[in-house]
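Observations on the model geometry
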Amino acid sequence: MLQISGIHWWYKDDTHAAELTAGYYNLNDRDGYRPIARMLSRHYGAFNFTCLEMKNSDQDAAAKSGPQQLVQQVFSAVKREEVIMAGENALERYDRDDYNQILLNVRPNGVSKNGPPKLKMEALTFLRLGDDLLEKKNFRIFKAFVRKLHADQPYTADLREYTTVVPLERSKPEIQIEELLKATKMHEPFPFDDQTDMSMGGVVNDFIDGLLNLIPFF
């Protein structure tokens, strides 16, 4: 698994200055992430990306931050190369709004009634296990979030019910630099829904959580 940083600040500026400074050659007319995914496809690797919980509105407008568009671009690039896509949150957040954003990015077109959705992440790392997460209210909401990740399906100990387990294989032949450079051609990202279809709720649910938190035995 290869960890790729989510350099979302200055993403909405034509210079993409922060990404370039970090070594990601990504511009409005040049995809800097798909060549990485193409390289990974040779080794049957997984592409792990961050900032799944972030919205553009979370950042100061002066930063020209675009985490939502960045995740959408990277997700699309990885899926076009048929590479395993994994993700994680960047900050410790335990509220329903951020969980909803993660759920949207994990399944950008929602749950399919006819089998696994065509667009989905194969793995998610949640940051992080600690005292804050294990607080009564936070942990209750987190358990609901995990159920939504599994589309409200009952728990099973068989991992094959959740994902495809494949044996390790030898790497494919070396990819020539010309083929990697072809992957820099920019394409329109796959469309994402505006909201997840597995919503954790909003203001009303937060109010109910506050009341439940006052009940000692709940």
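Rules and cut-offs
- Residues numbered from 1 in each chain as written.
- Predicted model: local features only at pLDDT ≥ 70, side-chain atom pairs only at ≥ 80, totals over all residues.
- Heavy atoms only, no water.
- Phe/Tyr/Trp six-rings, centres within 6.5 Å; stacked < 30°, edge-to-face > 60°.
- Helix = DSSP H or I, 4+ residues; strand = E, 2+ residues; numbered from the N terminus.
- Buried < 20%, exposed > 50% of the residue type's maximum accessible area, 1.4 Å probe, protein only.
- Lys NZ or Arg CZ within 6 Å of the ring centre and 35° of its normal.
- Expected span 1.5 Å × (residues − 1).
- Contact = heavy atoms within 4.5 Å.
- Salt bridge = Lys/Arg side-chain N within 4 Å of Asp/Glu carboxyl O.

The final tally for this structure, using the stated rule, is 11 aromatic pairs. Relative to F192, the ring of F75 lies with its centre 5.6 Å away and its plane at 90°, an arrangement referred to as edge-to-face. Of this pair, F75 sits in helix α3 (residues 67-80) while F192 sits in the loop between α6 (177-182) and α7 (203-212); the two residues are 117 residues apart in sequence, bridging distant segments of the chain. An identical accessibility class is assigned to F75 and F192; each is buried. A ring pair is formed by Y99 and F145, whose centres lie 4.3 Å apart and whose planes are at 15°; its orientation type is stacked. Pair noted here: Y99 is in helix α4 (residues 96-106) and F145 is in helix α5 (residues 136-149), with a separation of 46 residues, a long-range link. Look at F145 and you get buried, because its relative accessible area is 1%. Here a set of aromatic residues connected by ring pairs shows up, and it is made of Y94, Y99, F126, F139, F142 and F145. Lying across the ring of Y25, R30 places its NZ or CZ 3.8 Å from the centre.

Moving on: α5. Compared with the 20 Å implied by 1.5 Å per residue over 14 residues, the 20 Å span of α5 between its first and last C-alpha is a close match. Those residues of α5 that sit buried are N138, R140, I141, F142, A144, F145 and K148. Against the buried residues of α5 lie α4, β4 (123-125) and α7. With its phi angle positive at about 55°, A151 sits one or two positions after the end of α5.

For the rest of this paragraph, the subject is the pattern of salt bridges. For the structure shown, the criterion picks out 13 salt bridges. In this structure, R93 and D95 form a salt bridge, with 3.3 Å as the shortest nitrogen-oxygen distance. Look at R93 and you get partly exposed, because its relative accessible area is 31%. Notably, a salt bridge pairs E179 with K182, separated by 3.0 Å at the nearest N-O pair.

Nothing here speaks to function; it is geometry throughout.
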